[in-house]
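# Analysis of the macromolecular model
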Amino acid sequence: MRKVKILVSGRVQGVYFRLFTQNKAKHFGIKGSAKNLADGRVEIIAEAGSLAIEKFIKWCHKGPITARVDHVEITELEPGELLTSFEVK
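Residues numbered from 1 in each chain as written. Predicted model: local features only at pLDDT ≥ 70, side-chain atom pairs only at ≥ 80, totals over all residues. Heavy atoms only, no water.

### What to know about the overall build of the chain
Definition in use: Counting from the N terminus, the helices are the DSSP runs of H or I reaching at least four residues and the strands are the DSSP runs of E reaching at least two. When we talk radius of gyration, it's over C-alpha atoms, and the globule rule is simply 2.2 Å times the number of residues to the 0.38. By the convention used here, residues are in contact when the closest approach between their heavy atoms is within 4.5 Å. For the accessible areas, the method is Shrake-Rupley and the probe is 1.4 Å, while residue cover comes only from the protein chains on display. All tallies of charge rest on Lys and Arg as positive and Asp and Glu as negative; His and the ends of each chain are not included. Charge positions are represented by NZ for Lys, CZ for Arg, CG for Asp and CD for Glu.
Per the secondary structure count, the chain includes two helices and five strands. In the chain, the order of α-helices and β-strands from amino to carboxyl end is β-α-β-β-α-β-β. Taken against the 2.2 N^0.38 rule, which gives 12 Å for 89 residues, the C-alpha radius of gyration of the chain at 12 Å falls within 12% of a compact globule. The dimensions of the chain, computed from C-alpha atoms along their principal axes, are 30 × 25 × 20 Å. Pairs at least 24 residues apart make up 77% of the contacts formed inside the chain by residues separated by at least 6 positions. Summed over all atoms, the accessible surface of the chain reaches about 5,100 Å², with 52% contributed by carbon and sulfur. Here the chain holds 15 positive side-chain charges and 10 negative ones, and the gap between their average locations is 8 Å.

### Focus: the UniProt feature "domain: Acylphosphatase-like" (unreviewed entry) in the chain
Here is the rule: UniProt positions are given in the numbering used here, feature names are shortened, and annotations may be inferred rather than shown by experiment.
Here the UniProt feature "domain: Acylphosphatase-like" (unreviewed entry) sits at residues 3-89. As annotated, residues 3-89 comprises 29% helix and 40% strand, and the C-alpha atoms at either end are separated by 18 Å.

### Here we look at the pattern of salt bridges
Opposite charge on two side chains permits them to pair, given that their charged atoms come into close proximity. Stated precisely, the cut-off is as follows: Think of a salt bridge as a Lys or Arg side-chain nitrogen and an Asp or Glu carboxyl oxygen that are within 4 Å of each other. The cut-offs for exposure are 20% and 50% of the maximum accessible area for each residue type, with area from a 1.4 Å probe on protein chains only; residues under the lower value are buried, those over the upper are exposed, and the others partly exposed.
Under the defined criterion, the tally for this structure stands at five salt bridges. Here R2 and E54 are joined by a salt bridge, their closest N and O atoms 2.4 Å apart. With R2 in strand β1 (residues 2-11) and E54 in helix α2 (residues 50-62), this pair connects stretches of sequence that are 52 residues apart. By relative accessible area, R2 is classed as buried at 17%.

### Let's talk about the UniProt feature "active site" (unreviewed entry) in the chain
Operational definition: Polar contact criterion, stated in full: a pair of N or O atoms within 3.5 Å, where within protein one must be able to donate a hydrogen and the other to accept it, and residues adjacent in sequence count only if both atoms are side-chain atoms.
In this numbering, the UniProt entry assigns the feature "active site" (unreviewed entry) to R18 and N36. Taken together, the annotated residues stretch across 19 residues yet fold into one region, lying no more than 8.0 Å apart by C-alpha. By secondary structure assignment, the location of R18 is in helix α1 (residues 17-28). Owing to a relative accessible area of 25%, R18 belongs among the partly exposed residues under this scheme. The contact partners of R18, leaving out residues within four places of it in the chain, are A34, K35, N36, V42, V88 and K89. On the accessibility criterion, N36 (29% relative accessible area) is partly exposed. Once residues within four sequence positions are removed from consideration, N36 is found in contact with Q13, R18, R41 and V42. Polar side-chain contacts of N36 include one of 3.4 Å to the side chain of R18.

### Details of unusual backbone geometry
We note that Y16 has phi near 65 degrees; this positive angle belongs to a residue other than glycine. Here Y16 is to be found in the loop between β1 and α1. Residue Y16 is classed as exposed on the basis of its relative accessible area of 59%.

Rendered as structure tokens:
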């Protein structure tokens, strides 16, 4: 299992980015969360197998058609207790 924090910047708030992210996470079998940050970025915590995480990160670089992704920052996290769903916060 691999767990990452993904920070996405650009036009990613007010364009349903978190909802699209939740749908894509469910498609890839990823558990975690997505939330808006005060600075305009979206923070995603994602946990799954390495291949699923790589596909998900690739999607995060594009995002939904309603968004404009300017930058994606990935931080590896230590897996803790297993997450059970993907939540929009």
